[in-house]
Amino acid sequence: GAGVSQSPSNKVTEKGKDVELRCDPISGHTALYWYRQSLGQGLEFLIYFQGNSAPDKSGLPSDRFSAERTGGSVSTLTIQRTQQEDSAVYLCASSPDPALALYEQYFGPGTRLTVT
Amino acid sequence: DQQVKQNSPSLSVQEGRISILNCDYTNSMFDYFLWYKKYPAEGPTFLISISSIKDKNEDGRFTVFLNKSAKHLSLHIVPSQPGDSAVYFCAASNQGGKLIFGQGTELSVKP
């Protein structure tokens, strides 16, 4: 079956502009996560959606970042008024319901965001 | 405060020999640990995982060992192959939810 897909694969934007990044999780996965990897760094958690529960937004670095998940499937990460430090690879992952004790997360290819 | 640490940024191994990648954690609430492999310009690929109720999990050439008292886990790859060359990340979670990742170790397997 299809894995996690993300679009666009690359995005170059000017400082101050807004960007939207999209994630299509694996069909049937109830949990969806956003991470980012800045140059030379590890993966940093951003936000987590599980079913109809309130999302865990504890990793969002500022109020310029927001995300939504429509219909329990597709998710969009929005960055408003982008700054150069937002440049990173943004990775989306999905997993089955954690209540099943299946905690492996499956990642998409990422969106490379460059803010000029 | 880095809860998951991979202290070796790189490791070079000869083809056919054993690769041992190490990871330390500080949060005793972590109950699930995972290893991911990442090639450039691709997302991380899940390799192997282990629950905190176990001390070893094996899958083909890959074995993960967990030492809870030392808060240490390791990934053994044997025999190592050139195609194993990649960045390896360990990660930890508490009953699912977000993963906390280490900084990664770049493995180079030389023919």
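Calculation notes
Along each chain, residue indices are assigned from 1 in the same order as the chain's sequence is written. Chains and ligands are labelled by the order in which they are written, letters from A for the one and numbers from 1 for the other. A pLDDT threshold of at least 70 governs which residues receive local features in this predicted model, and a stricter bar of 80 or more applies before side-chain atom pairs are shown or counted, although totals over entire chains, interfaces and linings include all residues. Calculated side-chain values reflect all of the structure's heavy atoms, with hydrogen atoms and water omitted. Numbering goes from the N terminus for both helices and strands, where a helix is a DSSP run of H or I of at least four residues and a strand is a run of E of at least two. Only C-alpha atoms enter the radius of gyration; for comparison, a globular chain is expected to reach 2.2 Å times N to the power 0.38, where N is the number of residues. Each residue gets one of three labels from its accessible area relative to the maximum for its type: buried under 20%, exposed over 50%, partly exposed in between, using a 1.4 Å probe on protein chains only. In these tables, accessible area is a Shrake-Rupley quantity obtained with a 1.4 Å probe, and a residue counts as shielded only by the protein chains included in the view. Just so you know, the count uses Lys and Arg for positive and Asp and Glu for negative, and it drops His and the chain ends. The atoms used to mark charge sites are NZ of Lys, CZ of Arg, CG of Asp and CD of Glu. Only when DSSP finds a minimum of two bridges between them are two strands counted as paired. Orientation is described by axes fitted as lines to C-alpha atoms, over the contacting stretch for helices, and by angles from 0 to 180 degrees between their N-to-C directions. Whenever Lys or Arg places a side-chain nitrogen within 4 Å of a carboxyl oxygen from Asp or Glu, that contact is recorded as a salt bridge. Each patch groups residues whose relative accessible area exceeds 30% and which form no salt bridge, using 9 Å between like charges and 5 Å between nonpolar side chains of Val, Leu, Ile, Met, Phe, Trp and Tyr. Note on definitions: a residue-residue contact is assigned when non-hydrogen atoms from the two residues lie within 4.5 Å. Each of two parts loses accessible area, computed with a 1.4 Å probe, when they are put together; buried area is these two losses added. We call two N or O atoms a polar contact when they sit within 3.5 Å, provided that within protein one can donate a hydrogen and the other can accept it, with sequence-adjacent residues counted only if both atoms are side-chain atoms. Cysteine sulfur pairs qualify as disulfides if the two atoms are within 2.5 Å.

J.: Tell me about the overall build of chain B, and name the residues and values.
T.: Per the secondary structure count, chain B includes 0 helices and 11 strands. Written out in order from the N terminus, the α and β elements of chain B read β-β-β-β-β-β-β-β-β-β-β. Compactness check: chain B gives a C-alpha radius of gyration of 13 Å against a globular reference of 13 Å for 111 residues, within 12% of the reference. Based on the C-alpha atoms only, the size of chain B along its principal axes is roughly 40 × 30 × 20 Å. Here chain B holds 111 residues, and 46% of them are scored as buried. Total accessible area computed for chain B in this model is approximately 5400 Å², and 48% of it derives from carbon and sulfur atoms. Looking at charge distribution, chain B has the averaged site of its 11 positive side-chain charges lying 3 Å from that of its 10 negative ones.

J.: Explain the sheet that holds strand β7 (residues 75-79) of chain A to me, and be specific about the residues and the numbers.
T.: All names here are of chain A. An order of β1-β3-β7-β6 is seen for the 4 strands of this open sheet, with the pairing classed as antiparallel. At either end of the open sheet lies a strand with only one pairing partner, and these are β1 (5-7) and β6 (65-69). Sheet twist, expressed as the average angle between the axes of neighbouring strands with direction ignored, equals 15 degrees. Sheet topology note: the β6/β7 ladder contains 5 bridges and is antiparallel. Directly across from F65, in β7, lies its bridge partner I79.

J.: Could you give me a rundown of the pattern of salt bridges, with the residues and numbers involved?
T.: Residue and element names in this part refer to chain A. Applying the stated criterion across every chain, the model contains 5 salt bridges over all chains. With a closest N to O distance of 3.8 Å, K17 and E14 form a salt bridge. The class of K17 is partly exposed, set by a relative accessible area of 44%.

J.: Describe a nonpolar patch on the surface, and please don't skip the residues or the numbers.
T.: There is a patch of nonpolar side chains on the surface, built from B:I18, B:I20 and B:V78 and spanning about 230 Å² of accessible area. Assessed through its relative accessible area of 37%, B:I20 is described here as partly exposed.

J.: Account for the interface of chain B and chain A, with residues named and values stated.
T.: Each side of the interface is counted separately: chain B has 19 residues, and chain A has 19 residues. Between chain B and chain A the total buried area reaches about 1600 Å² when both faces are included, carbon and sulfur atoms providing 61% of it. The interface formed by chain B and chain A holds 0 salt bridges in total. There are 6 residue pairs in polar contact (both at pLDDT 80 or more) connecting chain B and chain A.

J.: An account of the sheet that holds strand β1 (residues 4-5) of chain B is needed here, citing residue identities and associated values.
T.: Residues and elements named next belong to chain B. As summarised here, the arrangement of the 5 strands in space is β1-β3-β8-β7-β6, forming an open sheet in which the pairing is antiparallel. Edge positions in the sheet fall to β1 and β6 (56-59), since each has one partner strand and no second. Where strand β3 (residues 19-25) lies against strand β8 (residues 72-77), 6 bridges are found, and the strand directions are antiparallel. In the strand pairing of β8, D24 is matched with H72.

J.: Account for the state of the cysteines, naming residues and giving values.
T.: All names here are of chain A. Summed over the entire model, instances satisfying the criterion amount to 2 disulfides over all chains. Residue pairing for C23: its cysteine sulfur links by disulfide to C92, the two sulfurs lying 1.8 Å apart. On the sign convention where negative is left-handed, the bridge of C23 and C92, at about -65 degrees about the S-S bond, is left-handed. Placement of C23 in strand β3 (residues 19-24) and of C92 in strand β8 (residues 88-95) is noted, with a sequence separation of 69 residues between them.

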